[in-house]
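An overview of the molecular structure
Now for the letters of each chain:
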Amino acid sequence: MNVVNIDKKYLDNKEQSITARLKAIQDKALIRFEEITGKNSIHSFHAMMGANNNIYVDSMNSVFLDPNDFITRWLEGLRVEVKKRAEADTLKPKSYGVNREFFLMHALQDSVLREYLFLFLTRNFYRNFKERVRSKPNESLWSIWFGSGNLVWGLLISPEMRNDDWAVDRI
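Note that the coordinates shown come from a computational prediction; the quantities given were computed from them, not determined experimentally.

**Observations regarding the packing of helix 1 (residues 8-37) against helix 6 (residues 111-127)**
Running from amino to carboxyl end, helix 1 crosses helix 6 at an angle of 145°, the nearest separation of the two axes being 8 Å. The two elements helix 1 and helix 6 cross, and the hand of that crossing is left-handed. In the contact of helix 1 with helix 6, the residues fall into 13 nonpolar, 3 polar and 8 charged.

**Some words on the packing of aromatic side chains**
Tallied over the entire structure, the rule returns 10 aromatic pairs. For the pair F64 and F70, a centre-to-centre distance of 5.2 Å together with 90° between the ring planes defines the contact as edge-to-face. Per residue, the accessibility class of F64 equals that of F70, and both read buried. Taken together, the ring pairs in this structure connect F64, F70, F125, Y126 and F129 into an aromatic cluster.

**What about the pattern of salt bridges?**
The tally for this structure, following the rule as stated, stands at 8 salt bridges. The shortest N-O distance in the salt bridge between D69 and R73 comes to 3.0 Å. Here the residue D69 and the residue R73 both occupy positions in helix 4 (residues 67-87), the gap between them amounting to 4 residues, near one helical turn. Taking relative accessible area as the criterion, D69 reaches 16% and is therefore assigned buried.

**Re the packing of helix 2 (residues 42-50) against helix 5 (residues 100-109)**
In contact at an axis separation of 9 Å, helix 2 and helix 5 are set at 90° when each is read in the N-to-C sense. As far as their axial angle goes, helix 5 and helix 2 are roughly perpendicular. Two secondary-structure elements touch here, helix 2 through F45, A47, M48 and M49 and helix 5 through R100, F103 and L104. Taken together, the residues of the contact of helix 2 with helix 5 break down into 6 nonpolar, no polar and 1 charged.

Reading the values: the criteria
- Residues numbered from 1 in each chain as written.
- Predicted model: local features only at pLDDT ≥ 70, side-chain atom pairs only at ≥ 80, totals over all residues.
- Heavy atoms only, no water.
- Axes fitted to C-alpha atoms, helices over the stretch in contact; angles between N-to-C directions.
- Helix = DSSP H or I, 4+ residues; strand = E, 2+ residues; numbered from the N terminus.
- Left-handed = near helix turned anticlockwise from the far one by under 90°.
- Nonpolar A, V, L, I, M, F, W, Y, C, P; charged D, E, K, R; others polar.
- Phe/Tyr/Trp six-rings, centres within 6.5 Å; stacked < 30°, edge-to-face > 60°.
- Buried < 20%, exposed > 50% of the residue type's maximum accessible area, 1.4 Å probe, protein only.
- Salt bridge = Lys/Arg side-chain N within 4 Å of Asp/Glu carboxyl O.
- Parallel < 35°, antiparallel > 145°, perpendicular 65-115°, else oblique.
- Contact = heavy atoms within 4.5 Å.

Laid out in structure tokens, this is it:
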């Protein structure tokens, strides 16, 4: 996708609209968050939802079509993490509080928290729009590894976007 000529004003308006919708339900959502976690901090609430974005989705290498694609992949990543925690028997709340996956599972079952979560992730998508939708460089463009045995060396090359495509200067 050509992200060079994206209308910044459109993205800003979209983000402001979503932020207004979040603020409208924030008090109700924060009460529900406190019921599950025992915490009453908007910062803790947002950290519970956003801190694992790069664990639930490979946002460094993935190209997302739209916010729904991002949310769908995020939910799939959450499902995988929940399954791992359930198998390791670490999904339950502990004496010091609840873990992120426990909270998110409960949030998805609550209509207010689910709406807040989806709006939060949608806003995250638009805040990072260029990074989410642009084509990513092929790994072979930016790394060269050589050596054998225990001695392996690498050279990292920084590609740049030229005419909506990744390029590396070659000698």
